[in-house]
Amino acid sequence: MNATEQPDVYGELIEPTTLRIQRLLPGPIERIWAYLTDSKLRGKWLAAGQMVMKVGAPFEFVWRNDELNDPPSNRPEGFAEENRMQSRITELDPPRKISFAWNNSGDVTFELEPKGTGVLLTVTHRRLPDRSTLLKVSAGWHMHLDVLVARANDREPAPFWDGWARLHEEYAHRLPA
């Protein structure tokens with residue numbers, strides 16, 4: 001991929017229980033690193049939670065997806081207003097790579113690679129336990145990364161939950177059963 005090519009916006013299964021999804025973001029790499037590691041910035045597109053930048057350090061993710069766009073879209077039945085997850089950093093190579101244990105649903109790696117004036121972000125989510133989780137996670141990463149792209153480009157993101165519901169259906173058709 002060159003600096004002007006956009007990756008496919010959809011995640012792909014690179015192994016039966018491993019999802020990979022990419023986005024090209026405006027640089028520099030240190031700016032995008034901050035969106036991954038700074039609680040306040042990460043809370044604007046994914047989940048808040050203070051991290052100590054050290055392998056083995058525990059931290060808590062706090063999702064408030066209703067706050068990702070204004071006004072919030074309609075949260076699907078069965079989803080809480082707030083979700084919390086205990087995690088820990090498992091790999092760290094600032095500002096290029098961070099991995100963490102994703103409690104009860106695998107582990108996640110963020111990798112950043114400069115591409116011209118942009119930065120290619122690759123998210124790899126491993127050890128997804130079942131198809132239901134895979135579909136929720138695929139739609140979730142897709143929408144969260146769309147919010148990140150909007151925020152990194154100083155734009156208002158599309159309604160999170162509306163997009164998530166649409167993408168959940170799309171991934172159900174796109175990914176093998």
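Residues numbered from 1 in each chain as written. Predicted model: local features only at pLDDT ≥ 70, side-chain atom pairs only at ≥ 80, totals over all residues. Heavy atoms only, no water.

Caption draft 1: Molecular detail of the pairing of strand β5 (residues 97–102). For strand β4 (residues 83–93) and β5, the ladder comprises 6 bridges, and the chain directions are antiparallel. The residue bridging S87 from the neighbouring strand is W102, located in β5. In textbook terms, the turn of a hairpin is the stretch between consecutive antiparallel strands, and for β4 and β5 this stretch comprises 3 residues. In the sheet, β5 pairs with strand β6 (residues 107–115) via 5 bridges, with the strands oriented antiparallel. Counterpart to K97 in the pairing with β6 is E111. (Pairing = 2+ DSSP bridges. Helix = DSSP H or I, 4+ residues; strand = E, 2+ residues; numbered from the N terminus.)

Caption draft 2: Local environment of the pattern of salt bridges. Applying the stated criterion across every chain yields a total of 12 salt bridges. One salt bridge in this structure joins D66 and R75, with 2.5 Å as the shortest N-O distance. Accessibility expressed as a relative area gives 15% for D66, which makes it buried. The partner of R84 in a salt bridge is E82, and the shortest N-O contact between them spans 2.7 Å. Each of the salt bridges in this network shares a partner with another, and the network as a whole consists of E60, R64, E82 and R84. (Salt bridge = Lys/Arg side-chain N within 4 Å of Asp/Glu carboxyl O. Buried < 20%, exposed > 50% of the residue type's maximum accessible area, 1.4 Å probe, protein only.)

Caption draft 3: Focus on the sheet that holds β4. The strand order across the open sheet built from 7 strands is β1-β2-β7-β6-β5-β4-β3, with neighbouring strands paired in antiparallel fashion. Each edge of the open sheet carries a strand with a single partner, namely β1 (12–15) and β3 (58–63). Strand-to-strand twist across the sheet, computed as the mean angle between neighbouring axes with direction ignored, equals 30°. Contacts between helix α1 (residues 29–37) and the sheet are confined to β2 (18–26), β4, β5, β6 and β7 (118–126), with β6 contributing the most and set at about 165° to the helix. (Axes fitted to C-alpha atoms, helices over the stretch in contact; angles between N-to-C directions. Contact = heavy atoms within 4.5 Å.)

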